[in-house]
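Structural overview for review
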Amino acid sequence: MNKIKLLSLGALMVTAMYANAQTTAHTKPTGYVTHTLKAGQFNLIGLTLHNPVVASGDIQGFTGGTQITDNDINFANVLTAGKTYILEITDAADTSLNGTIQEVTVWGANTFDTPQDLQAEGLAVGDKYQLRACKTISDIFGADNSAGLTGGASASLADNIYIPTVAGFDIYYYSTGGFFGVGWRKVGSGATDFATLAFVSSDGFYIYRQPSSDLDFVLTGAVKTINTSVAVTGKYTFVSAVYPVGATLDSSGMQNSLTGGASASIADNVYIQNATSAFDIYYYSTGGFFGVGWRKVGAASVDQGDVPLPSAFIIARTGTTDFNVDLSEPAGYEDL
């Protein structure tokens with residue numbers, strides 16, 4: 001189960017350079033980042049700016065654990081049919097639940113449903129929550145592909161967006177006509193329109209850019225300013241760095257959640273894409289020959305704590321048990 005916690009912004013002005021993307025944001029409380037997609041390669045990116053909160057309040061009751069009631073809000077008036085929303089627990093009596101997120105697609109006048117029984121996990125009446133809409137493929141790249149991805153009459157001619165799934169990847173592209181018509185399409189789904197495909201804010205994904213030229217595209221939204229906790233499931237988890245700038249391996253605090261070890265072979269690994277599109281592999285060394293701290297495979301005992309986190313990275317777990325990895329907000333975010 002993913003967890004995210006945030007507070008509202010004051011003002012922030014930040015600029016950062018990543019190995020696979022240049023990111024510039026000017027927010028008060030919203031801003032933008034510019035991602036550079038390198039031609040002829042898979043670009044790993046994440047959403048580091050997000051939609052604003054549209055509803056918040058106190059939980060007033062449960063039905064069956066999966067339906068939450070707040071009689072102070074008419075969700076039918078503030079939520080839009082057909083959209084996917086993210087529930088975020090912001091202040092729970094059981095503080096381990098702070099930051100929990102769930103996807104919400106069903107609601108009534110004063111209720112909304114969650115896919116998991118949060119009451120069974122300790123969520124209680126009086127705990128605080130907020131809701132924000134997921135960004136869609138149209139929000140990110142434009143309903144008419146205004147971001148400028150290469151489109152085509154088939155996926156083989158277009159830039160491809162690879163969304164991780166349990167079974168591998170779903171592949172999306174912008175169709176410019178032909179048999180599948182015009183609009184956002186999914187490989188294997190014919191002419192079905194995917195303009196409202198929702199992206200979860202804590203997930204990373206690939207974009208394969210056709211080998212013609214690099215492309216810059218701009219993402220707008222709000223900055224999250226409080227720690228984030230992301231569910232790690234399966235062997236590889238594609239993670240958004242969540243914050244637009246300032247996060248490093250050390251400041252992320254992931255070492256407090258990941259399994260460390262005296263070598264990379266017995267530790268959880270963090271894969272960070274480099275300028276050549278290959279991945280550098282990092283792990284938290286707990287001692288032995290390489291000492292204590294963040295290390296890079298092939299770089300012996302050189303400290304890597306100051307390595308900046310790009311907009312997305314991959315966690316490869318060494319064990320088989322699902323867990324949450326905490327991402328601390330960069331220094332200064334708590335004052336925003």
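Residues numbered from 1 in each chain as written. Predicted model: local features only at pLDDT ≥ 70, side-chain atom pairs only at ≥ 80, totals over all residues. Heavy atoms only, no water.

A separate point is the overall build of the protein chain. Regarding its fold elements, the protein chain presents three helices and 26 strands. For the protein chain, whose C-alpha radius of gyration is 20 Å, the value lies close to the compact-globule estimate of 20 Å for 336 residues. Based on the C-alpha atoms only, the size of the protein chain along its principal axes is roughly 60 × 55 × 40 Å. In the protein chain, which comprises 336 residues, the proportion classed as buried is 52%. At a minimum sequence separation of 6, the contacts of the protein chain that also span at least 24 residues come to 68%. Of the accessible surface of the protein chain, which amounts to about 13,700 Å², a share of 52% is contributed by carbon and sulfur atoms. Both charge centroids of the protein chain, one from 16 positive and one from 29 negative side chains, sit 6 Å from each other. (Helix = DSSP H or I, 4+ residues; strand = E, 2+ residues; numbered from the N terminus. Rg over C-alpha atoms; globule rule 2.2 N^0.38 Å. Buried < 20%, exposed > 50% of the residue type's maximum accessible area, 1.4 Å probe, protein only. Contact = heavy atoms within 4.5 Å. Areas by Shrake-Rupley, 256 points an atom, 1.4 Å probe, with all protein chains shown as cover. Lys, Arg positive; Asp, Glu negative; His and termini not counted. Charge placed at Lys NZ, Arg CZ, Asp CG, Glu CD.)

Another aspect to go through is the pairing of strand β5 (residues 42–46). Within β5, four of the five residues are buried, which leaves the element mostly enclosed by the surrounding structure. In terms of strand pairing, β5 meets strand β18 (residues 204–208) through five bridges, oriented antiparallel. Residue pairing in the sheet places leucine 44 in a bridge with tyrosine 206 of β18. (Pairing = 2+ DSSP bridges.)

Our focus in this paragraph is the sheet that holds β5. Taking strand neighbours across the sheet as the criterion, the five strands line up as β5-β18-β14-β15-β16 in an open arrangement whose pairing is antiparallel. Single-partner strands in this sheet number two, and they are β5 and β16 (182–186). The mean angle between the axes of side-by-side strands here comes to 25°, regardless of whether they run parallel or antiparallel. Examined bridge by bridge, strand β14 (residues 160–165) and β18 share three bridges and lie antiparallel to one another. Its bridge partner lying in β18, asparagine 160 is registered against tyrosine 208. (Axes fitted to C-alpha atoms, helices over the stretch in contact; angles between N-to-C directions.)

The next subject is the sheet that holds strand β12 (residues 128–133). Picture the strands of a sheet paired through backbone hydrogen bonds; they go either parallel or antiparallel. The antiparallel open sheet is built from four strands, whose spatial order is β6-β12-β9-β10. In this open sheet, the two strands that pair with only one neighbour each are β6 (53–58) and β10 (101–104). Averaged over all neighbouring strand pairs, the angle between strand axes comes to 25°, with direction disregarded. Of the strand pairs in this sheet, β6 and β12 are connected by five bridges, and their pairing is antiparallel. Its bridge partner being in β12, serine 56 is matched across the sheet by glutamine 130.

The full count for this structure, using the stated rule, is 10 salt bridges. The salt bridge involving aspartate 159 is made with arginine 209; its shortest N-O contact spans 2.7 Å. Here the residue aspartate 159 occupies a position in the loop between α2 (137–141) and β14, and arginine 209 occupies one in the loop between β18 and β19 (215–222), the gap between them amounting to 50 residues. A residue is classified by how much of its surface remains accessible, and arginine 209, at 4% relative accessible area, is buried. Here arginine 317 and aspartate 322 are joined by a salt bridge, their closest N and O atoms 3.0 Å apart. Judged by relative accessible area, which is 46%, aspartate 322 ranks as partly exposed. Here the salt bridges share partners, and the residues they tie into one network are Glu88, Arg132 and Lys224. (Salt bridge = Lys/Arg side-chain N within 4 Å of Asp/Glu carboxyl O.)

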